[in-house]
Every structure is written in C-alpha cells, then in structure tokens.
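Chains, contacts and geometry: an overview
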Amino acid sequence: MFLPPVSRGQPAYVVQITVNALAEMSVKAFELVPAVERDLLMGDKARINIECIECCGKHLYLGTNDCFIHHFLLDEVTSSKGKLSYSAQKLLHKYLGLKKPVAELRAASALERLIVLCDGIVFLVDMVTLETVPSAAGGGAKIRGVTAFCVNENPVNGDPFCVEMGVLSSKRRAVQIYMVHEDRVQLVKEVTTSEQPCAVSVDGYFLCVALATQYMILNYDTGASQDLFPYNSERRTPIVKRIGREEFLLAAPGGLGMFANAEGVSQRAPVNWSESVIGAAVCFPYVVALDESFITIHSMLDQQLKQTLSFKDGHILQDFEGKVILASTKAVYILVPLPLERQIQDLLAGHRVEEALLLTEGAQQNIPKDKFQILHKRILQQAGFIQFGQLQFLEAREHFRKGQLDVRELISLYPLLLPASSTFTRCHPPLHEFADLNHLAQGDQDKVLRCKKFLISYLGEVRSTEVANGCGEDVDTALLKLYAEQDHDSLLDLLASDNACLLADSVPWLEKYNKYFALGLLYRCNGQDSAALQLWIRVADGDLQDSTRSDLYEYIVDVLCSCSSLDLVWKYADWALRRDPTTGVHIFNKRPASKELPQLNPDDVISYLGKHRQALLLYLEHLVLERRIEKEKFHTQLAMLYLEKVLSLLSASPTDEEKISRAREMLQALLRWSNLYHAKSLLGKVENWEQLPLERATLHGRLEEHDKALHLLVHELRDFPSAEAYCVWASSSRDSAYRQQLFHLLLGVYLDGNPAGKPHTAAGSGDVAMAAVDLLNRHGEVFDAVRVLRMLPEGWSLQLLRPFLGRAIRASVHTSRTSQIAVGLAHSENLQLLHDRLKDRKKPIFVSEKKGCHLCHNTFSEPDVVCLPGGVAVHTHCVAQRVRDSPTKRPLTRSSNHT
C-alpha cells in the first residue's frame, strides 16, 4: 500500500493502492511504484489536478487544470535487493496563459517540441524552456477547434524532422492529417467521415476512428474504409489505442477489449475487462486496463486475468516506449513489470506449468534468440520435473525431450543409480525441489514403482539418441540397475547390444538380485569370457541360483562353439562332455567355419575325445558323414566304433534285438557307402562272428573277394535277395562288363550246388535252382545268353527260362538293330564327307607369282601345287617335307596373309 504524503499533516487527499490478493489473480506481473508525489507537484495548492501526462526518456511532462505544464526529471533507483523506485526532480513549470486545463501533451523529440492541446487549440511549446513557439513567416503554428489529436508513430513521409499528426475538429466530420515542423503545422490531407469522430489513432496510412456509433478503419491514402463493430459513445468513452504495427486495441461493447488490424480482422482473442474502462495500454504480453477503482492486467496469450491492483481516483493510463504510467488527479505512478523470469518462476512455483510455458513462448519476440533458447530449455526442464512430481509422465517426457534435459538430472533423483565414478553435479539453481525419489514419494511405494517404470521407459528411449551423448556410461549403468531390480525382460537385450555399463558398479547390483546369467553377459561385453563361463558353470551345477535360462547348459555349449579362445574351449569342453556328451560334442562339430575364428585340428579333437567314446563317435560321424572328409583313418575309426558297438551289444546278456538291429544298420550303411576304410582290419574283427554275415560279405566285396562274399550270402545266409542286391551294389560304379561278370559269378555260385562240407538236401538244392531261375528272369539283359545256355544243366526246362530267353532275344535284336543304325549313320556321314571333298576338287585353285605357300611363305614359281583341306595351296615339296617330319598327318588350319 502506498500512501502519498498530505500537505501540512492534514489528510486532505489520500490515494490508496493495494495489491489485490483475490483468487482471480494468477501471477504478479507488475508493481505500482510512485513517480511524482502530491507535494512535489502542487505544494500547498489543493485545487490543482493532473489532466494529462507525457514522458520522453527521463523527462516527464504534466498538464494541469490551471493551465500549467510541469517538467520533471525521473531517475530510476535500484535498491540492494533489486527493488526499483523512482526519484523525481522538478525542473520547470510554465503557465500557458489560456486559463483552461491542458487537455493533451505529446512530445516531438526530434523537433524538441511539445504538441499541446488546450482550450481547443493545438500549438507548439519548446521542450526545454516550455515557451510557446511563435508562428513562422508564411505559416501558422496553431490549429483551432480541435477536440483530440494523435501522433503517427509509424510515419510515411520519411522526414525525420517532421511529425505526422491526426486531428479531430469540433466543426467538421473529418480526420485531418497535419505535418508538424519545428515552427509550423501544415494540413496535408482531410478524410471525411459519416459521423462526428470522437477518438482516433494513426499507424502509417491507416486511421482507426471511433465515431458516435461505431468503430472503423480508414486508409487516408487510398480512401478505403472498413467498418468494425457498433459502439455507443454516449454511454462509454471510446478507447482507440495503437498497440503495434497496423494493429489497434478498442473498447468494445460487453466489457471486451477487441484487437483489430488494418484489414479490420481480429487475429487475437478479446480480453474480458470492465464495462467502465477509461484507459488501456499494452505491455507485451499483457493488456493493462484502468477503470474507476482497479487496474486489471490480462494476458494477450490466453486472455486470462493475471493480476488486479486497487487504484482509486485514477483517470489516466498511458504507455510511453514500453513504460506504463498512471495518474490520479494528484500524483503519478509507474507500473513496473517484474522480470519475465521471476514471473515464470512464480507460475512454476504454483505448479501452473501451462501458463508458465505460454508466457515464455509468448515473450519470444522480446528476448534475444540465444537468451530465449537458454531460458526456454530451462523452463521446459522445470516444467517436466513439476509434472514428473505429479506423476504426469507423458507430459514430463515431452518437456524433458523438448528441453534437452541432461538425463543425469533425472537419474540423480534415484538413489544409487548413478555410478560411483560419475562426476555429475546437479544444475544450479536447481530445476526442482526434490532431494531424491524418497522425498518425492513420501513413503508411497506405489509412487516409487511408477517413477522407476517411467525412468526405465525414458532411458530406453533416449540411450541411443543425442540426449545420452557424453553420458552413456551413466545412462546404461542406471538402466541395468533398474532392469535387475525390477526383473525386467529387457536386461538381457541391453547386455546383448552395444552398451557402456560400468563393470565395477554393475557386478554388485546383479549379484544382489541373483542375475548371474546377465552378469556373465556383462563379463563377456568386457572381454572376460573366462569369468563368464566360470560363473555360468556354477549356476548350471547348482552352486548359484538363477532361473533366467532353463537351457543354460546348452547356451554354454553354444558360447564354446563360437569362442575365439581355443584355450577356453579345451579348458571347459571336458565339463560339457561329462555332463552330456551328445550335446557337449557340439562344441567341436558345430563350430562355425569362419576366417575370424581359429579352427580346431580334427586330429587334436579326436585325441582329446578318446576318453569320451560317445562324443568321439558323434564327432567322427560329423567328419565322415557331414563334412565328407576323405581320410582313411577317420573312416576306419568310425567303422571300428560302429563295429565295437555291435559286438558289445551282441555280447551283452540279455541281448536287445532292437538296438542290435539299429547298430548293424548303421554299420552296414557305412560299409556300403564308404570305400576309404581299411577293410582287412575290419574283416579280421568280424571274421569269427557268424552273426554278422552281411558285414563279412560287404568287407569281402571291398577286398574284391566277390566269390567269398556270394558264397556267404547264398550258402551260409541263404539270403538270395541280398546276394542280388550285393551284385547291384558292388557293380554300381563299374562298367557293364564288370557288372556282367559279377552276375555270372553269382549264377555260377547258384549252379555249383552246396559247398564242400555242407550236407546235401533236396529242398535246399531246389531253392538255389529257383533262385538261379529268378536271377536270370529278373536280370536277363545283364547276362551273355550264349554263355548262360552253356552253363545251365541239360535237364532244365525251357519253360522255366522263357522270360529270360525272351528278354535275351529282344536284347540281342535290339543290339543288332542299334548296330545297324550306327553303321548306317556312319556310312551316311562318310558319304557326306566324300561329297564335300568332291565339291572342293571341282573348285579352281588359283596360283600366281603373287601368292605364297602356306607352309614356307615363298611365292609359287610353277603350277604344280598340293591343295590342303579348305582350298589352301602349298608347294608339293613342302608337303612331302612335312610328312617326313611328322608320322601323323596334321591338318593345317592356320591361315596366312602373305601374298
């Protein structure tokens, strides 16, 4: 509250100013500061009233009701606490001699003149001496019959020593445009109106005029006009105020402050002020309005009432170069805007985030770009923390992102998340009021959990963006700790990707929450494969508890498969093989064939697997059957292992026929497929095993002992289909003659009867004979029919051999006819060649002294020549020499260009 001093201690007049603490005031944007107090203005003259004011820089001019102009010098004084006040010094006062109140004052600083309206007369006064300027020769310095005037603050004439002015006359329905010079005024334009104008404001060529019943926009250069909206000037004093380039503020019906541009369009929403407003001004981004009792301050950005000040008996409100000055009848006050940052901080302190941001962004045009960017970012960050504290995470995230928040500011709220080695310190002044998350949550664990989930989401979003540049270790380490604590699925994804998690900080945290598998991944990220494997093996063996992966053993095997350190492979392979040889052998047989990985020597692996027979068998299968390595020792060793398995099963008691059958099938398949194993060694092991006739027969076959093999199959095993299959297999990669020989050998075995030492049975002899017949009938095309007929017993019926003989005859006829066709084709080709040769002989051969021999390249001197194929002429002695030098006649195909 400000109480102006009273004269001689008597309370003759009191002006009371109170900062209104009503609920509608949302921000303290201005303070009302006394500038010229009552005693300084009037002394003991109680009847003096202020009628008008003008301010030019530090110079303040007051017009009073007793026809005086008072000149004051205002100095700003800032206290040690930053509070602004004004010190006024009276320089001069001057009586104008018209005995009427001074109605209006306007400064023309370039001319050092004051434009004065008093008693309906506009005239010029010297700004320093306050003396009236006399009229110049040939021109007047006064305008009579004036009700109001305004100065064009956006002049169009371009003369810096000339002021443009719009004047309203009491006798004319028109607006007159004058040029004010140092010692004269000059009428340059008159724009007529439909009604008597009562207020005017000028910007460039545009006039905003309040008529008796409406507002309108006039262009005094083109004469164009635009009606705005109706207004009753008899009920309320119109307000027409220029607030910017080609933009005006008007008092509209219904207590509205309307904005209008030069086109008559309102590009801003109106403000809702009092019905009894008597003055208005703009101090961006606020609209200040004065009524009979209050000063109201509205935002141009959201049109909301921001502040209300009580101001009794006020009747003047003007703005001069951004300075808002108010006056009662006895004193002058300045409405000082509080610093923008203080206003914004006050809004943020009240958690009014949107208003703070709106005020910040609205003030952008009045703040240098670099300073605004810094301010805007900080306000966004503060707003983000306010909304974070209110658990408005979506809004907080957006403000953090736009404000480019150092993410460590957020992480530092969470105890122990920042690494111990981090050098981060919080921003000063602080961006928020929280000591840490516990302070924010006040023991509410649900709130703590929600905040942690937000941080997980936010860090996961920003860790790969520019926001995390320079602080990747802090971000990734904090994220790892949160993942581990919350048992989050993304922990493994973080460690499987490129990350900057600090090992020293992460190890205790992962151990605390039994995340040993994740810890192993972290060890691997830091190049400590051995530590990772040791840890995982302890988990797999049950020494440590971690249920992250139920297939941890298989994972360890996969890691060893692709491990670049062969020392680690050899070190931990034995553990894997002892646990499960079938899976453990994958370390060796599934190792990627890559140039980046050192490869294992198969001989070393086989030697290492000597004590793991099952794994050795699987590895040899990998070498032989999958990689198809053609080395005798690998094939022989695999065959030996198969054989040992079969013999072991045969020796077991009781025997498992199903297992024996599967083992024999694998051995037989290898013996038939491979031709690289050492057959004699294998045969020596199976020769005394009568249970393995097929295996013995196959081995005899590999040794080219087909007669022994076939005797085994026919006479011992009496497996005639296998005997035929043997012949097909043994001759599969040979020519037809070899195949025929093998089938004849089988037929001979059939026809030989029982081998020595075997008892003769009629039934057995009949089976063999039928097998021979079936062999001939099924494979008749393979046999030499003449030779077969010679081998067959004389007592055999031709009816039995009918299929064989039919196929043999057909094959013979087919062969004969095929031979005839081949002979015919050869004969045809020979005739064609003879025909071509005769054609060549009929062609003339041109020989001259200019042509050369193809062999010796000398020219021809006589007509005796020999013509080679292709019509090439050569000397006869050259051909004779060539024949003598080479036992074979070689056609000459190389041509010569020699002539």
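Not measured: the values here are computed from a predicted model.

1. Some points on the packing of helix α5 (residues 393-402) against helix α8 (residues 445-462)
For the pair α5 and α8, the least separation of the axes is 11 Å and the interaxial angle reads 35 degrees. The way α5 lies across α8 gives a crossing that is right-handed. Residues F393, R397, F400 and R401 of α5 touch α8, and the partners they reach there are R450, C451, F454, S457, Y458 and E461. Residues of the contact of α5 with α8, tallied by class, amount to five nonpolar, one polar and four charged.

2. A closer look at the confidence of the model for the protein chain
Summary statistics for the protein chain give a mean pLDDT of 85 and a share of 93% for residues scoring 70 or more. Taken together, the stretch residues 754-764 has pLDDT below 50 and engages in eight contacts with residues farther than four places along the chain or on a different chain. Within the model, pLDDT remains below 50 along residues 889-899, and this stretch shows 14 contacts once partners closer than five positions in the same chain are excluded.

3. Focus: the packing of helix α25 (residues 720-730) against helix α26 (residues 736-751)
For the pair α25 and α26, interaxial distance at closest approach is 9 Å and the crossing angle is 160 degrees. Between α25 and α26, the angle is such that the two are roughly antiparallel. For the pair α25 and α26, the crossing hand works out as right-handed. Contacts from F720, A723, E724, C727, V728 and A730 in α25 reach Y738, R739, L742, F743, L746 and Y750 in α26.

4. A word on the pairing of strand β24 (residues 286-290)
Of all five residues making up β24, five are buried, and the element is well covered by its neighbours. A two-sided burial pattern is seen for β24, the buried positions comprising Y286, V288 and L290 on one face and V287 and A289 on the other. Across five bridges, the pairing between strand β23 (residues 279-283) and β24 is antiparallel. Bridge pairing links V282 to V287 in β24. Counted between consecutive antiparallel strands, the loop separating β23 from β24 contains two residues. Pairing of β24 with strand β25 (residues 294-299), which is carried by five bridges, proceeds in the antiparallel orientation. Looking at β25, one finds that A289 is bridged to T296. Where β24 folds back onto β25 in an antiparallel hairpin, the turn is made up of three residues.

Each value, and the rule that gives it
- Residues numbered from 1 in each chain as written.
- Predicted model: local features only at pLDDT ≥ 70, side-chain atom pairs only at ≥ 80, totals over all residues.
- Heavy atoms only, no water.
- Axes fitted to C-alpha atoms, helices over the stretch in contact; angles between N-to-C directions.
- Helix = DSSP H or I, 4+ residues; strand = E, 2+ residues; numbered from the N terminus.
- Left-handed = near helix turned anticlockwise from the far one by under 90°.
- Contact = heavy atoms within 4.5 Å.
- Nonpolar A, V, L, I, M, F, W, Y, C, P; charged D, E, K, R; others polar.
- pLDDT = per-residue confidence, 0-100.
- Parallel < 35°, antiparallel > 145°, perpendicular 65-115°, else oblique.
- Buried < 20%, exposed > 50% of the residue type's maximum accessible area, 1.4 Å probe, protein only.
- Pairing = 2+ DSSP bridges.

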